[in-house]
Structure formats: C-alpha cells, structure tokens
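Chains, contacts and geometry: an overview
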Amino acid sequence: MFKDSFKYYKSRNPFPDLKNVIDIDSTDYTKVRPIEDFLLKYENRYDLGLRPTKDWKIYELKCNLGLIFIQNPFTAEGQQYWITKCLKDYPKKPNKLNLDEHKLLNDNTSWWEECFKNSDGNVSLLTKLRWTTLGYHHDWNTKHYSENSKSILPSELCNLTTFLANVLNYTGFNAEAIIINYYRMNSTLAGHTDHSEVNIEAPLFSISFGQNAIFLIGGLTQEEPATPIYLRSGDIVVMSKTSRHCYHGIPKILPTLVKPWMSNDSMQNKLHSEVDSEDWSIASNYISEARININVRQVLKPGQIRLL
Ligand SMILES: O=C(O)CCC(=O)C(=O)O
C-alpha cells in the first residue's frame, strides 16, 4: 500500500534499506526500458541549459505506463541558471508564495532580497520558503484554479517545457500552471494525485535540482503498491497516460555527494553570462542543503481559452 511504503522510506530511525529504490544510474533494465526512437531530429538548446538531445538518456518505467524519466539533460551552467531563477526571480510578486499568508514579507521586498541582500540577512525566512505558484495559481484549500487568480508565466519556463514536450512527441502541450516546491533536508511531500487541472490527459513535467530525493509512484488508489525511484539534480519525470492519474509523493530527501551543477562543462552555451557570479554563490550555498522541484502542468483542454 502507498501509505506503508511512504512511512517506510520516510523513517529516520530505523533508516530504510534502499536496495529496492530504482537507480537510473545503474540502469537496471528489469524495471525500466530505454526509449531512443525520437532523439536525433532536434536542434541543440544550449540557450535552455540543455545538452544536445543525441546525448539524452530516456527511460519508461515498466510498472507504470507513461512514467517517463529523462536522466539529467542539463549542462552544469544550465543547472546554475535554473536554480538561480527559482530562488531569485520566481518567488516574488505577482507570483504567490506560502509566505504570503503569514505576511512574513513586506510588500516592497522579495524573499531573495530579504534573505540575502539585507545586511542582517533573515536566516529564519530562508528555511521557510516551501512553494511559489506561477501562471494559474493552485489554491491549496479548494484545489481549484480560477481565471481571477493567475500571473504571467516566464517565457523561458514555457520554452523549456514546450521543447521537452516536442522531443517526447507530446503535441500541443501548453505550460499554464507551475508550482515550484522548495525542500529542506527534512522535508517530505505526502502522497497525492494531481487532478485539479481540467485537462488531466496532458503530461505533467517535474524537474528536480539540488539534493537527491526518493520519489514514490503508486497506482490509481492508495491500496496499490508503490515503486521508489532516486531523483538527482537535473532529472526530469514526465507523468503521462495512466501514470498522470497515479498517487505519488516524496518521503525522503537525501544528501548528494555528486553535484552536477558544479562540474566543469566545456560546452559552448549562451547562458553563462546570464548567471551573475555573486548570485550563484548565494544560490549554490542554498542548494547545498535544499532541493527544488519545478512542476509544470497544462490546465486547459485543447482549444479551450479560459476556465469557466
Ligand atoms: O517534488 C517532486 O518531485 C514532486 C512534486 C509534486 O508531486 C507536486 O508538486 O505535485
């Protein structure tokens, strides 16, 4: 049962045995199958922080139809770019933050400025950021989206997911609602299904940066068993077809020894100049004890222009 697996992997004492966690790095083909059919025809998108698609490794989980796993397709500079964006640019107005409700920020300052730019940097605020929503804002209480509650999505995030969707042959994908989740080392995300979108046929893109996580994917009900998978910095999970409707959650964050955002990529790219070195030094400090997940959804059905 999903809840039993979640409890097992969440436990700190005793620490769980991780031998059954699917590790894409060790490519165990009994549980995943590689997908290679569609990679060669796409141009290189260094501008989105991505490696050439011919070098990507993509797998489908055998036990969850439509659960696609792209093993870190980002360059190191790409990871630096997205991590810094998620910390400096996205958690601020007009986007919504978990901190809004408790009025923990002044109207004229952002989380980034308050934590890192004030001379007496606000350390307690630094660990309190949990989520920010962009585009259609997910209402955590009603679990509904509304035309009256949305902000403009950053074009670079739309371009990134449109490109990913094209590579995977999902035609017509539109990013319309984004949740960025911020995890500390002791954070978890309880099992749930994502069903607030009018269109739950469209794939959902889930991009991870920073510390490792155990991602648990179950079945259509809580009664079905769940499969644990390691997620590392840069990994992308796509939930499509049946898996789009399945229970999933994050029972554990694990420290990573390998830091793909630090390695020295020599590849030409157009991003390097966009990440200010002072900003990156702040962001790399933050990510050494945190995980960020960018969760991108389409809300509307094809041809639908607004919510009712
Ligand atoms: O952090 C993750 O990998 C999963 C996030 C998620 O499931 C969600 O935002 O609905």
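Scope of this entry: the structure provided in the associated data block. (Residues numbered from 1 in each chain as written. Predicted model: local features only at pLDDT ≥ 70, side-chain atom pairs only at ≥ 80, totals over all residues. Heavy atoms only, no water.)

1. Details of unusual backbone geometry
- Looking along the chain, the bond that leaves Asn13 and enters Pro14 is cis, with omega of 5°.
- Position of Pro14 relative to the elements: it lies in the loop between α1 (2-10) and β1 (32-35).
- Residues Lys93 and Pro94 are joined by a peptide bond in cis, for which omega reads 10°.
- Assignment of secondary structure puts Pro94 in the loop between α2 (76-89) and β4 (96-97).
- In this structure, Lys103 is a non-glycine residue whose phi angle is positive, near 50°.
- Among the secondary structure elements, Lys103 is positioned in the loop between β4 and α3 (111-117). (Helix = DSSP H or I, 4+ residues; strand = E, 2+ residues; numbered from the N terminus.)

2. A short note on the sheet that holds β4
- Read across the sheet, nine strands follow the order β1-β2-β3-β11-β8-β13-β6-β5-β4 without closing on themselves; strand pairing throughout is antiparallel. At either margin of the open sheet sits one strand with a lone partner, and together these are β1 and β4.
- Bridge count between strand β6 (residues 177-184) and strand β13 (residues 290-297): eight bridges; the pairing is antiparallel. The residue of β13 that forms the bridge with Ile180 is Ile294.
- Against the sheet, α2 engages β6, β8 (204-210) and β13, with an angle of about 85° to β13.
- Helix-sheet contacts for helix α5 (residues 155-167) involve β3 (67-71), β5 (131-135), β6, β8, β11 (236-239) and β13, and the interaxial angle to β8 is about 115°. (Pairing = 2+ DSSP bridges. Contact = heavy atoms within 4.5 Å. Axes fitted to C-alpha atoms, helices over the stretch in contact; angles between N-to-C directions.)

3. Here we look at the nonpolar core
- Residues Ile83, Leu87, Trp111, Ile180, Phe205, Ile292 and Ile294 are the most contacted members of the largest nonpolar core, which totals 57 residues.
- It is α5 that contributes the most residues to this core, seven residues altogether.
- When neighbours within four sequence positions are excluded, Ile83 is seen to be in contact with Phe209, Trp261, Trp280, Ala283, Ile287 and Ile292.
- Counting 19 residues, the second-largest nonpolar core is a separate cluster that includes Ile22, Val32, Ala213 and Ile250. (Core = buried A, V, L, I, M, F, W, Y, C linked by side-chain atoms within 4.5 Å. Buried < 20%, exposed > 50% of the residue type's maximum accessible area, 1.4 Å probe, protein only.)

4. Quick look at α5
- Compared with an ideal rise of 1.5 Å per residue, which puts 13 residues at 18 Å, α5 spans 18 Å between its outermost C-alpha atoms and is within 8% of the ideal.
- Within α5, the full set of buried residues consists of Glu156, Leu157, Cys158, Leu160, Thr161, Phe163, Leu164, Ala165 and Val167.
- Downstream of α5 by a residue or two, Asn169 has a phi angle that is positive, lying close to 65°. (Expected span 1.5 Å × (residues − 1).)

5. Some details on α1
- Within α1, the full set of buried residues consists of Phe2, Ser5, Phe6 and Tyr9. Along α1, the residues classed as buried sweep out an arc of 100° about the axis, all on the same side. Exposed side of α1, more than 90 degrees from the buried face: Lys3 and Lys7 are the residues found there.
- On the buried face of α1, the contacting elements are β7 (189-192), β9 (212-217), β10 (227-231) and β12 (248-254). (Arc of directions from axis to C-beta.)

6. A short note on the site of the ligand
- For the ligand, the full set of nearby residues is Asn181, Tyr183, Leu189, His192, Asp194, Ser206, His248, Ile250, Arg291, Asn293, Asn295 and Arg297.
- Contact between the ligand and Arg297: an oxygen atom at 3.1 Å from a side-chain N or O atom of the residue.
- In isolation the ligand has 300 Å² of accessible area, and contact with the protein removes 97% of it.
- Assessed atom by atom at 2 Å from the grid points, the ligand resides in the largest pocket.
- Across the shell around the ligand, the residue classes break down as three nonpolar, six polar and three charged. (Near = heavy atom within 4 Å. Polar contact = N/O pair within 3.5 Å; in protein donor to acceptor, adjacent residues only side chain to side chain. Areas by Shrake-Rupley, 256 points an atom, 1.4 Å probe, with all protein chains shown as cover. 1 Å grid on protein atoms, 1.4 Å probe; cavity = no way out; pocket = protein on both sides within 12 Å on 5 of 7 lines; lining within 4 Å. Sits in = over half its atoms within 2 Å of the grid points. Nonpolar A, V, L, I, M, F, W, Y, C, P; charged D, E, K, R; others polar.)

7. Considering the sheet that holds β7
- Strand order across the open sheet formed by four strands is β7-β12-β9-β10, with antiparallel pairing between neighbours. The open sheet is flanked by β7 and β10, the only strands paired with a single partner. Taken over all neighbouring pairs, the strand axes of this sheet differ in orientation by 25° on average, direction set aside.
- Bridge count between β7 and β12: two bridges; the pairing is antiparallel. If you follow His192 over to β12, its bridge partner there is His248.
- On the sheet, α1 packs against β7, β9, β10 and β12 and is oriented at approximately 10° with respect to β12.

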